[in-house]
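# Descriptive structure summary
The lines below spell out each chain.
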Amino acid sequence: DAYSGDTILLHLPENPSTGYRWELEQLRGESIVVPRSAFEPAAGALGSGGTATWALHAAAAGESSLRLRQWRPWEGEASVLARFTVTVRVHP
């Protein structure tokens, strides 16, 4: 649950050097907006993994669901390693 105006940070493990990235697959509802995502590498060797962070902005009261997939877009649906789904309820 969140309140209108809140920002929710979603952190998912990612290693873009393998080609697999988290991507927004579906957003249902109008209560949240996904203005940005970023990758923060873990300390260590070049090519190591890190964390993908998605900032979800609670824009209006209601309920929205967000679905992400971790995949290689150029390889299509068969390359999906994982999916992540969350439902957010935003209160006024």
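Everything discussed here concerns the structure shown above.
Residues numbered from 1 in each chain as written. Predicted model: local features only at pLDDT ≥ 70, side-chain atom pairs only at ≥ 80, totals over all residues. Heavy atoms only, no water.

## Remarks on the overall build of the protein
Secondary structure assignment for the protein yields 0 helices and 7 strands. Overall, the C-alpha framework of the protein stretches about 45 × 30 × 15 Å when taken along its three principal axes. A burial count over the protein gives 29% of its 92 residues as buried. Counting contacts in the protein only where the partners sit at least 6 residues apart, residues at least 24 apart contribute 69% of the total. Just so you have it, the protein exposes about 5,500 Å², and 52% of that area is on carbon and sulfur atoms. Of note, the protein has its 8 positive side-chain charges centred 4 Å away from the centre of its 10 negative side-chain charges. (Helix = DSSP H or I, 4+ residues; strand = E, 2+ residues; numbered from the N terminus. Buried < 20%, exposed > 50% of the residue type's maximum accessible area, 1.4 Å probe, protein only. Contact = heavy atoms within 4.5 Å. Areas by Shrake-Rupley, 256 points an atom, 1.4 Å probe, with all protein chains shown as cover. Lys, Arg positive; Asp, Glu negative; His and termini not counted. Charge placed at Lys NZ, Arg CZ, Asp CG, Glu CD.)

## Side note on the pairing of strand 7 (residues 82–91)
Bridge count for strand 1 (residues 2–3) against strand 7 is 2 bridges, and the pairing is parallel. Note that in strand 7 the partner of Tyr3 across the bridge is His91. Across 9 bridges, strand 6 (residues 62–71) lies against strand 7 in antiparallel orientation. Within strand 7, the position partnered with Leu68 by the bridge is Phe84. (Pairing = 2+ DSSP bridges.)

## What to know about the pattern of salt bridges
Counted by the stated rule, this structure contains 10 salt bridges. For Arg69, the salt bridge is made with Glu77, and the minimal N-O distance between the two is 3.3 Å. When its relative accessible area of 43% is taken as the criterion, Glu77 is described as partly exposed. Here the salt bridges do not stand alone but share partners, grouping Glu23, Glu25, Arg67, Arg69, Glu77 and Arg83 into one network. (Salt bridge = Lys/Arg side-chain N within 4 Å of Asp/Glu carboxyl O.)

## Considering the sheet that holds strand 4 (residues 32–41)
Read from one edge of the open sheet, 3 strands run 2-5-4, paired in antiparallel fashion. The sheet terminates laterally at strand 2 (7–14) and strand 4, the two strands that pair on one side only. Direction aside, neighbouring strands of the sheet carry axes that sit 20° apart on average. Taken together, the 8 bridges between strand 2 and strand 5 (residues 50–58) define a ladder with antiparallel strand orientation. Bridge pairing in strand 5 places Thr7 opposite His57. (Axes fitted to C-alpha atoms, helices over the stretch in contact; angles between N-to-C directions.)

## A look at the sheet that holds strand 1
Taken in spatial order, the 4 strands make up an open sheet running 1-7-6-3, and their pairing is mixed. On the outer flanks of this sheet lie strand 1 and strand 3 (21–28), each paired with one strand and no other. Note: strand 3 against strand 6, 7 bridges, orientation antiparallel. The partner of Arg28 across the bridge, within strand 6, is Ser65.

Fair warning: the whole summary comes from geometry, so function is off the table for now.
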